[in-house]
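Next come the chains, spelled out residue by residue.
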There are 4 protein chains.
Amino acid sequence: MIHPSLMPPITALPLVERYQRIRQWSDFLCQPLATEDYVIQSMPDVSPPKWHLAHTTWFFETFLLLPHLPSYEVFHPQFGYLFNSYYDSLGQRHPRPQRGLLSRPTVEEIYRYRDYVDAAMQSLLAEPLPDSLEALVVLGLHHEQQHQELLLTDIKHILALNPLRPAYRSDLPDLPPPVPSPDRWLDYPGGLFTIGHTGSGFAFDNELPPHPVYLPDYWLAARLVTNGEYLEFIEAGGYQQPEHWLAEGWVMVQSQQWQAPLYWEQIGSSWWVMTLAGLRPLNEAEPVCHVSYYEADAYARWAGKRLPTEAEWEAAAASLPLTGNFAEHQYYHPAPAQGNTRPDQVFGDVWEWTQSAYLPYPGFQPAAGAVGEYNGKFMCNQMVLRGGSCVTPQSHIRPSYRNFFPAATRWQFSGIRLAH
Amino acid sequence: MIHPSLMPPITALPLVERYQRIRQWSDFLCQPLATEDYVIQSMPDVSPPKWHLAHTTWFFETFLLLPHLPSYEVFHPQFGYLFNSYYDSLGQRHPRPQRGLLSRPTVEEIYRYRDYVDAAMQSLLAEPLPDSLEALVVLGLHHEQQHQELLLTDIKHILALNPLRPAYRSDLPDLPPPVPSPDRWLDYPGGLFTIGHTGSGFAFDNELPPHPVYLPDYWLAARLVTNGEYLEFIEAGGYQQPEHWLAEGWVMVQSQQWQAPLYWEQIGSSWWVMTLAGLRPLNEAEPVCHVSYYEADAYARWAGKRLPTEAEWEAAAASLPLTGNFAEHQYYHPAPAQGNTRPDQVFGDVWEWTQSAYLPYPGFQPAAGAVGEYNGKFMCNQMVLRGGSCVTPQSHIRPSYRNFFPAATRWQFSGIRLAH
Amino acid sequence: MIHPSLMPPITALPLVERYQRIRQWSDFLCQPLATEDYVIQSMPDVSPPKWHLAHTTWFFETFLLLPHLPSYEVFHPQFGYLFNSYYDSLGQRHPRPQRGLLSRPTVEEIYRYRDYVDAAMQSLLAEPLPDSLEALVVLGLHHEQQHQELLLTDIKHILALNPLRPAYRSDLPDLPPPVPSPDRWLDYPGGLFTIGHTGSGFAFDNELPPHPVYLPDYWLAARLVTNGEYLEFIEAGGYQQPEHWLAEGWVMVQSQQWQAPLYWEQIGSSWWVMTLAGLRPLNEAEPVCHVSYYEADAYARWAGKRLPTEAEWEAAAASLPLTGNFAEHQYYHPAPAQGNTRPDQVFGDVWEWTQSAYLPYPGFQPAAGAVGEYNGKFMCNQMVLRGGSCVTPQSHIRPSYRNFFPAATRWQFSGIRLAH
Amino acid sequence: MIHPSLMPPITALPLVERYQRIRQWSDFLCQPLATEDYVIQSMPDVSPPKWHLAHTTWFFETFLLLPHLPSYEVFHPQFGYLFNSYYDSLGQRHPRPQRGLLSRPTVEEIYRYRDYVDAAMQSLLAEPLPDSLEALVVLGLHHEQQHQELLLTDIKHILALNPLRPAYRSDLPDLPPPVPSPDRWLDYPGGLFTIGHTGSGFAFDNELPPHPVYLPDYWLAARLVTNGEYLEFIEAGGYQQPEHWLAEGWVMVQSQQWQAPLYWEQIGSSWWVMTLAGLRPLNEAEPVCHVSYYEADAYARWAGKRLPTEAEWEAAAASLPLTGNFAEHQYYHPAPAQGNTRPDQVFGDVWEWTQSAYLPYPGFQPAAGAVGEYNGKFMCNQMVLRGGSCVTPQSHIRPSYRNFFPAATRWQFSGIRLAH
């Protein structure tokens, strides 16, 4: 097992080493799995773990090795069809909802595929690369980190759906105990702010260009909404009262019979929560997690508050240290607040729903070529989430980082910070 | 037939007369219908014309007469169940997709219902009303005007779906001939602008509060995209090339087999268009109409441009005269541009898709009580359209008016103005 | 109103007069309808009444007038597209589930269509016809009679779905009071029987050829299962106990939440039943009606009995007088048993589910040409019903008559006779 | 590998040895699988191989060990929930369409379950059993054999769906070469026949009681319809012409875009067929396989013939030797005809669709208790197939054996014998 202290600051490493470290972390995450676990697609949004391992490998094969490593030969002629995710410009691909119908290639074969591509990447990275190629490698590594987060997110869904409720790992460390943190509001004076990525480091195209945004005065809660607070909403009849809900949210509540966040289950009179360490009693001090945008918005309305906009969130987060409960700590679960005197739980723990739709920034230009399909084409009917979660690698996140999911999404590690 | 010159300025009239005029216009719009036309729901988004006539009446009965006219008795005890549209706080209602399954109440009975409620409203309006009630009546009249637009929109859909392609009216006036208007860009310098309704007149809650927005420099096309220009996109393979489309849009193109705007049909080698005057050859000078947000966005991307934001649109439109091709002209069809030296076709003709998601303005507060369900609860997964159309009553529109529909919507009179 | 005594024996009339009588009966059935009622398709199985009126007319136009009346011109060039039901060999047709989306042609226009075709048929029938053509006219009249039954069946569904529960006719005569008829079994010794139509009169191709069938000894109930008896099944938990049900039936019970026959509704603690005379309290002496095959089979199993086969039914019914509660009596509702000393309620009242699948008789040959699509192509996944119902014209039925519907069908006037 | 000569006559063995042999054959069938193959459910009708292995084991645990082996303890408390197939009387069960979402229990754990139950069964079988228990064990073994057939059928579907088209086994023996066998008709004089199981050996309840059936004279084809003959139907436009098809069949052809039997694929101008040995060129001499009832019926109609009834088939097959191409030969693929002088390919090769619906025989009584859910509750909307196939164990079949599937089923090894 790799200790988290060994991980960051990964960006300081030479590229070839950074490549190895990040690729190995994917393997590390899959170590606890049974072969059978690698195969399951528990719903269309989820991909089988072996698909994640192959798809991230395909990314390097397709965008780096084939065009740029002379005499490189593809590992298998049909893997391009099987492991393309959504790049329309690269031709036909295997339908997403059928990823769980494939027993072959086997897990072993996919690990051979990874080794084969890693060896070739080693050759490619042996010599200094032109900046544009180096940027593509870095993009591929951030892409791999996104799938590392998805691996944990999807594994949790796969195991939680199983009536046996198996644990992913039974040896995960205990969370730190809560520090009493009553509700507290931090105030932020309004004005013109520059939003978007400004530094020289890596950023996705959707964080660009930086641009001025006018914000009114606003307040943010010092910490996240807790399970205990959310339980009050449930017990007050929140899931039975349409007045708190967006129209679409109320349709979901009724058609999907939502009565609590995903992974909560009532056994007798007690609430339990499925975690990557197995089924555990609900801890009221932990941040509420696995709620949809509809639930986050309804909770906020019930509480007489609202969700922040992404600009409000970013303006407040820009100057904070980039630390928190990330995947490297291997809790894989959001931790209770550690105080309320300054903004807490901003990075890590849970992705925070904002009330901002995922739209292009003024002057947005998608990257050229097939990698330009990365972000821009999803800018419709999704909401922005900010800050990363307990399954996000720390080196993957930035204050300007924009995550986005449809409003009904619940299998992500998503939670609530209130604003007004 | 009521001549349009008789119609505005309706807001200058005493309320009782304004009530009569607006209510009569609904009846006028339905005059050309056969009894059978009143019954059809051609898709879940469409309501049968008789439902519109009853629902707008129910609004006055429910929000004005029952609470405020002493001794008022409901016309029929089950009409509250049948003609509530989406007000959850008013109890159970008839399921929307089943509105076309009701032969009863008959059309005649619904006109009796209108007469009954109009007579009672006459009593209520005979005496001066407190401001809050007067505001509710005005809201009811704007509500009726929204449904007048929907009546024409829905009637078009009902008739267009019929293989006989019947005309709504064969006596509609000819559109004005086009004035040559080559593509031309108007430039707007950036800065801080106040967006939202500011005057003392009526506005919906979603136009409030007015608030500062920072805009960069931008350019808007002087006129709308024409059928001829859109045809170039079609003939260049626009509907076959995923690179122009949002991911969701491309799914729609393929699953719905979209190949042209709604109501276009190819007969032999010619394009025809269904209109409220029946099937007509495509006129290349007219603005393209009945396109979804996905199509508007794909066209803009193909053309190397983009759609405006709603703030850009409003800042540009705020100072323009509120004239255009509105329902009162009874063309019920968008007209060719009349020049390009100044912004043309801004009001009327077609609703213009913006790239702005429909979200609350900073500080938005929905109205209290059931009428608060009017706007706020739809603020998710819809895009904003601006400017009104050829089926919008002129007295209903304002520069700050925000219309909103899901991105796949095509049966509205929706078109495209480019920006960059 | 036409008194039933005026109706039969219609087969004794000259063909031209028979044509007129039967065609007029369709009009008579529609007289009580509001124009709006003619338009509704309350579910895909139901057709709007105006569609029935036009489709039966189209049958004469297509199969008689166009090929056989020189210089006949079609009433409207698109009616062939609109009013073909399922004849694949006649080309494309309007999709069945969209019949309720057509406001045009109007009801008035369809009556003009009927008049136009009737006048032309008058010409055709003025001279003696060759036998094959006369047979086609007779087929067309039986076809019209089938749709007369469907008209009443569909009108009942259309009105029952309406929350106002309007009556089709409030002037229908009272049913005869029940004659006490306790359960009684009639025994039928086994042997070889000839099954299928043998006489010289009209029969559908599916009743042919007559052929020997070996039957074991069997018993049939002297009368139909009553509402009261079926209520015992409900109250004993029949709809909650899977052991009585076919696997597919149990899936329907759960997915459709069946708890009683179609058109039963519980108001407070009482059961009510929707009829063509409006909503009425449940009469326990009447035969249970509007049950699916699944319910008929489950009831029989619960009662320790079974349903008869179609051969058993036909062998028992062959020698009985062809009288009963048919459409001509204008009860349009099944009547209580009038005794149990001999087989009662065999013809009329309700169609009796048999446990026989609808399959070809040995040596079956479908008729040549498009009319051959009449019966044979439905011989899969349907069950046979026998005996006609209270909405079947008396002159339409025979002991060898085979009706057939999928096992989940409930909107037909279908009931239960037990066997063992 | 077990040579087929070692297998039969299994019924002659002592029960304990018979138990071992049949249980081992299930393991043998799964030997070639990768762990990943065990997990896949390629469509709702298919079960993952590991589910089959566990479910057949659960049968012995539930019906034999728990009630009859003192002090037996269940292997796992939740396996009853996970591995019950459709026995409603045994309580809630895991939903069938979600069998492929379970990675746990792992394959290894399921083999441990099998060992555990086998050991306990060994104890139970060590002493002589009362007849009723012995009958239950024999039922359990026939149940296991049914799932052995399903294992091969489902594995074929799982591998065929995979774009890599992997072979189940690449070492399967070659099929015997064809013996020229032109089309030839065998005639069978009519009369009264006894249909159903008569001997003292094992039979399912649905083969009972034996009963007289009257048959007219009939003819059966001496051999099965070949791929070459079926190809003529395809090339003559059979899949484009509605006149050959049952109405429901035509709906399937159009909605599912059927153009050939399942597992056929056209690569360039050649037809290939997926088999358990991988993708192979179409062999025109082999019997056509993997056709639905709709296709079998359409082919017969196109050829001017019909399918046999199950009584005709059984009367003809009753006296034939029970030999053929069964699973023990390990071809796992239908073989070409070996002549036409006497009925060929009657047992083994492919299940033969009959035109008989699956219905109870006169006097049918399902077995008492939960095992009574075995057959009777499926007697609706299924067609009977006869004779076994190349994946059926030889010791499992009888002339009176009734297999049954819905008419749209294609993944079974189902083919066509013509009659007239």
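Residues numbered from 1 in each chain as written. Chains lettered and ligands numbered in written order. Predicted model: local features only at pLDDT ≥ 70, side-chain atom pairs only at ≥ 80, totals over all residues. Heavy atoms only, no water.

1. Comments concerning the overall build of chain A
Next up, step 1: A count of helical and extended segments in chain A gives 9 helices and 11 strands.
Next up, step 2: Taking 420 residues into account, the globule formula puts the C-alpha radius of gyration at 22 Å, and chain A, at 21 Å, falls close to it.
Next up, step 3: A principal-axis box enclosing the C-alpha atoms of chain A has dimensions of 65 × 50 × 40 Å.
Next up, step 4: Taking all 420 residues of chain A together, the buried fraction comes to 62%.
Next up, step 5: For chain A, the accessible area works out to roughly 15,400 Å², and carbon and sulfur atoms hold 54% of it.
Next up, step 6: Between the averaged position of the 26 positive side-chain charges in chain A and that of its 43 negative side-chain charges there is a distance of 1 Å. (Helix = DSSP H or I, 4+ residues; strand = E, 2+ residues; numbered from the N terminus. Rg over C-alpha atoms; globule rule 2.2 N^0.38 Å. Buried < 20%, exposed > 50% of the residue type's maximum accessible area, 1.4 Å probe, protein only. Areas by Shrake-Rupley, 256 points an atom, 1.4 Å probe, with all protein chains shown as cover. Lys, Arg positive; Asp, Glu negative; His and termini not counted. Charge placed at Lys NZ, Arg CZ, Asp CG, Glu CD.)

2. Here's the deal with the relation of the copies chain D and chain A
Next up, step 1: Superposition of chain D onto chain A requires a rotation of 180° combined with a translation of 0.0 Å along the rotation axis, giving an RMSD of 0.0 Å. Put plainly, the chains are arranged around a two-fold axis. Taking the C-alpha atom as reference, chain D places Glu-36 of chain D closest to the rotation axis, 2.9 Å from it.
Next up, step 2: Here 100% of the interface residues in chain D have copies in chain A that are interface residues too; the copies meet face to matching face. (Least-squares fit on C-alpha atoms with pLDDT ≥ 70 in both. Contact = heavy atoms within 4.5 Å.)

3. Quick look at the interface of chain D and chain A
Next up, step 1: On the side of chain A, 29 residues touch chain D, which itself brings 29 residues to the contact.
Next up, step 2: Carbon and sulfur atoms make up 63% of the area that chain D and chain A hide from each other, which totals about 2,400 Å².
Next up, step 3: Counting across the interface, chain D meets chain A through 2 salt bridges.
Next up, step 4: Here Arg-104 of chain A and Asp-37 of chain D are joined by a salt bridge, their closest N and O atoms 2.5 Å apart.
Next up, step 5: At the boundary of chain D and chain A, one finds 10 residue pairs in polar contact (both at pLDDT 80 or more).
Next up, step 6: Broken down by secondary-structure element, the contributors of at least two residues to the side of chain D that touches chain A are helix H3 (79–83), helix H4 (107–126) and helix H5 (131–160) of chain D. (Buried area = accessible area lost by both parts, 1.4 Å probe. Salt bridge = Lys/Arg side-chain N within 4 Å of Asp/Glu carboxyl O. Polar contact = N/O pair within 3.5 Å; in protein donor to acceptor, adjacent residues only side chain to side chain.)

4. Focus: the arrangement of the chains
Next up, step 1: In this structure chain A stays clear of chain C, and the shortest span between their C-alpha atoms is 14 Å.
Next up, step 2: Separated without contact, chain B and chain D have their nearest C-alpha atoms at a distance of 14 Å.

5. Side note on H5 of chain D
Next up, step 1: Along its 30 residues, H5 of chain D runs 43 Å from first to last C-alpha, staying within 8% of the 44 Å computed at 1.5 Å per residue.
Next up, step 2: For H5 of chain D, a buried count of 25 out of 30 residues is recorded, marking the element as mostly surrounded by other parts of the structure. (Expected span 1.5 Å × (residues − 1).)

6. Some remarks on the interface of chain C and chain D
Next up, step 1: Between chain C and chain D, the contact holds 28 residues from the first and 28 residues from the second.
Next up, step 2: Both faces combined, the contact of chain C with chain D buries some 2,100 Å², and carbon together with sulfur accounts for 65% of it.
Next up, step 3: Linking chain C with chain D are 0 salt bridges.
Next up, step 4: The tally of links between chain C and chain D comes to 6 residue pairs in polar contact (both at pLDDT 80 or more).
Next up, step 5: Those elements that provide at least two residues to the side of chain C that touches chain D are strand E3 (211–215), helix H7 (247–255), helix H8 (293–302) and strand E8 (351–357) of chain C.
Next up, step 6: A breakdown of the residues in the side of chain C that touches chain D according to their chemical character gives 20 nonpolar, 5 polar and 3 charged. (Nonpolar A, V, L, I, M, F, W, Y, C, P; charged D, E, K, R; others polar.)

7. A closer look at the environment of Ala-221 of chain D
Residue and element names in this part refer to chain D.
Next up, step 1: When you line up the elements, Ala-221 lands in strand E4 (residues 218–221).
Next up, step 2: In this structure Ala-221 comes out as buried when scored by relative accessible area, which is 5%.
Next up, step 3: Considering only alpha carbons, one finds Ala-221 and Asp-183, 38 residues apart in sequence, at a separation of 7.0 Å.
Next up, step 4: Not counting the four nearest positions on each side in its chain, Ala-221 is found in contact with Arg-184, Trp-185, Arg-417 and Leu-418.

8. Describing the pairing of strand E5 (residues 264–267) of chain B
Residue and element names in this part refer to chain B.
Next up, step 1: Looking at chain direction, E5 and strand E6 (residues 270–275) are connected through 4 bridges and run antiparallel. The partner of Ile-267 across the bridge, within E6, is Ser-270.
Next up, step 2: Hairpin geometry of E5 and E6 is characterised by an intervening segment of 2 residues between the two adjacent antiparallel strands and by a positive phi of about 60° at Gly-268. (Pairing = 2+ DSSP bridges.)

9. What about the sheet that holds strand E7 (residues 278–281) of chain B?
Residues and elements named next belong to chain B.
Next up, step 1: A sheet is described by the order of its strands in space; here 3 strands give the open sequence E5-E6-E7, paired in antiparallel fashion. Across the chains shown, the open sheet's two edge strands, defined by having one partner strand only, are E5 and E7. The average undirected angle you get between the axes of adjacent strands in this sheet is 35°. (Axes fitted to C-alpha atoms, helices over the stretch in contact; angles between N-to-C directions.)

10. Some words on the relation of the copies chain C and chain D
Next up, step 1: Mapping chain C onto chain D calls for a rotation angle of 180° and an axial translation of 0.0 Å; the resulting RMSD is 0.0 Å.
Next up, step 2: In this assembly the copies share their binding face: 100% of the residues contributing to the interface of chain C also contribute to that of chain D.

11. So, the sheet that holds strand E9 (residues 383–386) of chain C
Residue and element names in this part refer to chain C.
Next up, step 1: Spatial ordering of the open sheet is given by E10-E9-E8-E11, a layout of 4 strands whose pairing is mixed. The sheet is open, and its two borders are formed by strand E10 (403–405) and strand E11 (414–415), each paired with just one other strand.
Next up, step 2: When E8 meets E11, the two strands line up parallel, connected through 2 bridges. Its bridge partner lying in E11, Trp-351 is registered against Ser-414.

12. Some words on the domain arrangement of chain A
Quite often, the size of an interface is put as the accessible area lost when its parts meet.
Residues and elements named next belong to chain A.
Next up, step 1: Taken as a whole, chain A is organised into domain 1 (4–160) and domain 2 (185–415).
Next up, step 2: For domain 1 and domain 2, the distance between their C-alpha centres works out to 26 Å.
Next up, step 3: Across the boundary between the two partners, domain 1 contributes 34 residues, which contact 32 residues of domain 2.
Next up, step 4: Counting the surface lost from both domain 1 and domain 2, the interface buries some 3,000 Å², and carbon and sulfur atoms represent 67% of this. (Domains from an automatic or database assignment.)

13. Remarks on the packing of aromatic side chains
Next up, step 1: Here the structure, examined in full by the defined rule, presents 148 aromatic pairs over all chains.
Next up, step 2: An aromatic cluster of at least three residues, connected via ring pairs, comprises Tyr-19, Trp-58, Phe-59, Phe-60, Phe-63, Tyr-86, Tyr-87, Tyr-358, Phe-378 and Phe-404 of chain A.
Next up, step 3: Sitting over the ring of Trp-51 of chain C, Arg-99 of chain C keeps its end group 3.6 Å from the ring centre. (Phe/Tyr/Trp six-rings, centres within 6.5 Å; stacked < 30°, edge-to-face > 60°. Lys NZ or Arg CZ within 6 Å of the ring centre and 35° of its normal.)

14. Section: the nonpolar core
Next up, step 1: Core analysis: the largest hydrophobic core is formed by 450 residues, its most contacted members being Tyr-332 of chain A, Tyr-332 of chain B, Tyr-332 of chain C together with Tyr-332 of chain D.
Next up, step 2: No other element matches the 13 residues that H5 of chain D contributes to this core.
Next up, step 3: Residue contacts for Tyr-332 of chain B: discarding those within four places in its chain leaves Trp-25, Phe-28, Leu-29, Leu-152, Tyr-168, Arg-169, Leu-172, Leu-276, Ala-327, Cys-390, Val-391 and Phe-413 of chain B. (Core = buried A, V, L, I, M, F, W, Y, C linked by side-chain atoms within 4.5 Å.)

15. Things to note about helix H8 (residues 293–302) of chain A
Residues and elements named next belong to chain A.
Next up, step 1: With 8 of 10 residues buried, H8 lies mostly within the body of the structure.
Next up, step 2: Those residues of H8 that sit buried are Tyr-293, Tyr-294, Glu-295, Ala-296, Asp-297, Ala-298, Tyr-299 and Ala-300.
Next up, step 3: Those residues of H8 that are buried lie in contact with helix H6 (227–235), helix H7 (247–255), strand E8 (351–357) and strand E9 (383–386).
Next up, step 4: The positive-phi residue at the C-terminal boundary of H8 is Gly-304, with phi of around 75°.

16. A word on the packing of helix H6 (residues 227–235) of chain C against H8 of chain C
Residue and element names in this part refer to chain C.
Next up, step 1: At their nearest, the axes of H6 and H8 sit 11 Å apart, and the two run at 80° to each other. One way to sum up the angle between H6 and H8 is to call them roughly perpendicular. Across the interface between the two elements, Glu-229, Tyr-230, Glu-232 and Phe-233 of H6 pack against Glu-295, Ala-298, Tyr-299 and Trp-302 of H8.
Next up, step 2: Tallied by class, the residues present in the contact of H6 with H8 amount to 5 nonpolar, no polar and 3 charged. (Parallel < 35°, antiparallel > 145°, perpendicular 65-115°, else oblique.)

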